[in-house]
Amino acid sequence: MFFPISGAHISPIYLVIVGFLIGILGGFFGVGGSFIAGPALRAVGLDWNFAVGTDLAHIVGKSVVAAKRHRALGNVDLRLGLIMALGTIGGAEVGAQLIQMLKRAGNVNLVVSIVSIAVYLSISTFMIWESRKTLISQKGRLPRGKIKGRKAKQDHSEFMHVTRAIQRLKIWPLIALPASGVKAISLWIILLVAFVGGLFSGFLGGGAGYIRMPSMVYVLGIPTHLAVGTDLFEIIISASYGTFTHAIKGNVDILIALVMHTGAAIGAQIGAISTQYFAGPKIRLAFVPLPLIGAAIVIYTLMTGHKL
Amino acid sequence: MKSDTAKTLRAFLIELAIYALLVVGYFFLVLHFLGGWLQQLEVHHRNTYGGVAILLIIGQAVVLENVTTLLLRLIRGRSE
């Protein structure tokens, strides 16, 4: 199939399958999946700038479907999502400026690669340690059957003592997040978490859901199911902003995104519905390979000089 | 339990088949007609193209979500 905007010839079946797979990941883990979509689009000859912008447009559509499904399951905190979107957009702008500074200094690739490998490996190591520890300590006490609504809020983490200490910081203004079961938390902490996620998104590319989703669980104390759903809602806003800025720079082939999204729409629903059958620590443990795949791609690029 | 799983799987496969037919029709009809117009928009009116791109992807997401939900409801309703 010929896509006139980018001038690329790509099989629509390939795009639908890629969209479907990324949709499952996105619906289940609350991530954009750009670390797979980018290389998958590059592999069929799409220019790098189009791969980045088009992927963002596809992420918007996939997140709408998954977030809608999560909302029906009671897994979206709208208030938290809106606040986080503000922090993410601010962080993404600063991250993009940082990249420009490093470009001028002439060492952007090496710095970004080393930072991203360190971040990916740290997240995976921490999450494997925490989720395994939680699973062992909670053995026999994890909820069985479908997990939604009230059950989804009864999440447990071995890192909870640190989360509670963060929630006790009385930095004005404090806000309540009743949908997430958080009685009071400083607005600045939420904005900071979102800003850091956005910073990495602008700095490393993609939506940085692999940073934001764990941060929401461990720093803000949001139950895993709600973190997944809320992150997806937040991605709709921040990825829409990213899509628009890339579109006016000529980096978006919306026709490719629309075709990919036909697969992602089904995948995202399967992913979102599947979260009902897994307890929070199990979702967090299953999340571990995602940042590792990201690290493997960066290491491959660093060693071969060939950008995936 | 096993028959429930088989029922769900059957419903899902039927949904997938109907969905695939709809998607193929969508490719040939909608995208074919939109392609030229969107390309012109992308070349001459970038800001409008950005807005239209977001509206299209969100619109498609809402429609597809409703279509899949409806299909699933219809198929499950018949198989039960």
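Computed from a prediction, not measured in an experiment: that's the story for all the values here.

Conventions and cut-offs
Throughout, a residue's number is its position along its own chain's written sequence, starting from 1. All chains are assigned letters beginning with A, and all ligands numbers beginning with 1, in the order in which they are written. Given that the model is predicted, a residue must reach a pLDDT of at least 70 before its local features are reported, and side-chain atom pairs must reach 80 or more before they are shown or counted; all residues, however, enter totals for whole chains, interfaces and linings. The side-chain values count all of the structure's non-hydrogen atoms but skip hydrogen atoms and water molecules. Numbering goes from the N terminus for both helices and strands, where a helix is a DSSP run of H or I of at least four residues and a strand is a run of E of at least two. When a residue's accessible area, from a 1.4 Å probe over protein chains only, is under 20% of the maximum for its type it is buried; when over 50% it is exposed; and in between it is partly exposed. Per-residue and other accessible areas follow the Shrake-Rupley method at a 1.4 Å probe size, with only the shown protein chains counted as cover for residues. Between N-to-C directions, angles cover 0 to 180 degrees, with each direction set by a line fitted to C-alpha atoms, over the stretch in contact for helices. Orientation is classified from the angle alone, with under 35 degrees giving roughly parallel, over 145 giving roughly antiparallel, 65 to 115 giving roughly perpendicular, and any other angle giving oblique. By definition in these notes, contact holds between two residues if any of their heavy atoms fall within 4.5 Å. As a working rule, the residues Ala, Val, Leu, Ile, Met, Phe, Trp, Tyr, Cys and Pro are called nonpolar, Asp, Glu, Lys and Arg charged, and the rest polar, with Gly in that last group. Each pair of strands is called paired provided DSSP finds at least two bridges between the two strands. Should a side-chain nitrogen of Lys or Arg be within 4 Å of a carboxyl oxygen of Asp or Glu, the pair is scored as a salt bridge. Patches were defined on residues exceeding 30% relative accessible area and lacking a salt bridge, with like-charge contacts within 9 Å and nonpolar side-chain contacts (Val, Leu, Ile, Met, Phe, Trp, Tyr) within 5 Å. Each cavity reported here is a set of points on a 1 Å grid over the protein atoms alone in which a 1.4 Å probe fits but cannot get out, each pocket an open set with protein on both sides within 12 Å along at least five of seven lines, and each lining residue one with an atom within 4 Å of a point. Grid points are joined across faces, edges and corners, and a volume is the space filled by probe spheres set on the points. Once two parts are joined, some of their accessible surface, as seen by a 1.4 Å probe, is lost; buried area is that loss totalled over both. Polar contact is defined as a pair of N or O atoms within 3.5 Å, subject to the rule that within protein one atom must be able to donate a hydrogen and the other to accept it, and that residues adjacent in sequence are counted only when both atoms are side-chain atoms.

**Considerations on the overall build of chain B**
And step 1. For chain B, the helix and strand inventory stands at 2 helices and 0 strands.
And step 2. The buried share of chain B, reckoned over its 80 residues, is 32%.
And step 3. Taken as a whole, chain B presents about 5,200 Å² of accessible surface, with 70% of it coming from carbon and sulfur.

**A few points about the packing of helix H4 (residues 78–105) of chain A against helix H5 (residues 108–137) of chain A**
All names here are of chain A.
And step 1. At a minimum axis distance of 8 Å, the contact between H4 and H5 shows a crossing angle of 135°. Comparing the axis directions of H4 and H5 gives the class oblique. Residue-level contacts link Ile-99, Leu-102 and Lys-103 of H4 to Val-108, Val-111 and Val-112 of H5.
And step 2. Its residues assigned to classes, the contact of H4 with H5 comprises 5 nonpolar, no polar and 1 charged.

**Some remarks on the pairing of strand E3 (residues 174–177) of chain A**
Residue and element names in this part refer to chain A.
And step 1. Alternating residues of E3 divide into Ile-175 and Leu-177, all buried, and Leu-174 and Ala-176, none buried.
And step 2. In terms of strand pairing, E3 meets strand E4 (residues 182–186) through 3 bridges, oriented antiparallel. The residue of E4 that forms the bridge with Ile-175 is Ile-185.
And step 3. Where E3 folds back on E4, the antiparallel hairpin that results is connected by 4 residues, among which Gly-181 adopts a positive phi of roughly 80°.

**Points about the pattern of salt bridges**
And step 1. Tallying each qualifying case throughout the model produces 6 salt bridges over all chains.
And step 2. Residue A:Arg69 pairs with B:Glu65 through a salt bridge whose shortest N-O separation is 4.0 Å. Here A:Arg69, found in helix H3 (residues 48–72), pairs with B:Glu65, found in helix H2 (residues 46–79), and the two come from separate chains. No difference in accessibility class separates A:Arg69 from B:Glu65, as the two residues are buried.
And step 3. A:Glu130 serves as the salt-bridge partner of A:Arg284, at 2.8 Å between the closest nitrogen and oxygen. Of this pair, A:Arg284 sits in helix H12 (residues 280–287) while A:Glu130 is found in helix H5, placing the two residues 154 residues apart along the sequence. A:Glu130 shares its class with A:Arg284; the two are buried.
And step 4. By sharing partners, the salt bridges in this structure join A:Lys68, A:Arg69 and B:Glu65 into a single network.

**As for a nonpolar patch on the surface**
Residue and element names in this part refer to chain A.
And step 1. Side chains of Leu-110, Ile-114, Ile-299, Leu-302 and Met-303 sit close together on the surface and give an oily, nonpolar patch of about 500 Å² of accessible area.
And step 2. At the level of elements, H5 and helix H13 (289–304) are the ones that each hand at least two residues to the nonpolar patch.
And step 3. Here Ile-114 shows up in helix H5.

**As for empty space enclosed by the protein**
All names here are of chain A.
And step 1. Overall, the coordinates contain 2 cavities of 30 Å³ or more when judged by the stated rule.
And step 2. Each pocket or cavity is described by its volume, and for the largest cavity that value is around 50 Å³.
And step 3. If you go around the largest cavity, the residues you meet are Val-31, Gly-32, Gly-33, Ser-34, Phe-35, Gly-207, Ala-208, Gly-209 and Tyr-210.
And step 4. Secondary structure elements with two or more residues in the lining of the largest cavity: helix H2 (34–43) and helix H9 (209–218).

**Looking at the environment of A:Ile5**
And step 1. Examined against the element boundaries, A:Ile5 turns out to sit in the loop between strand E1 (2–3) and strand E2 (8–9).
And step 2. Measuring from C-alpha to C-alpha, the distance between A:Ile5 and A:Val252 comes to 8.1 Å, with 247 residues separating the pair along the chain.
And step 3. In contact with A:Ile5, not counting residues within four places along its chain, are A:Phe50, A:Val252, A:Asp253, A:Ile254, A:Leu255, B:Leu38, B:Gln39, B:Glu42 and B:Tyr49.

**Digging into the interface of chain B and chain A**
And step 1. Counting residues at the interface gives 30 residues for chain B, matched by 33 residues for chain A.
And step 2. When chain B packs against chain A, close to 2,700 Å² is buried across both sides, 75% of that on carbon and sulfur atoms.
And step 3. Considering only the surface of chain B that becomes buried against chain A, B:Phe27, B:Ile57 and B:Glu65 emerge as the three largest contributors, covering 21% of it.
And step 4. At the junction of chain B and chain A, the tally comes to 6 residue pairs in polar contact (both at pLDDT 80 or more).
And step 5. Elements with a minimum of two residues in the side of chain B that touches chain A: helix H1 (2–44) and H2 of chain B.

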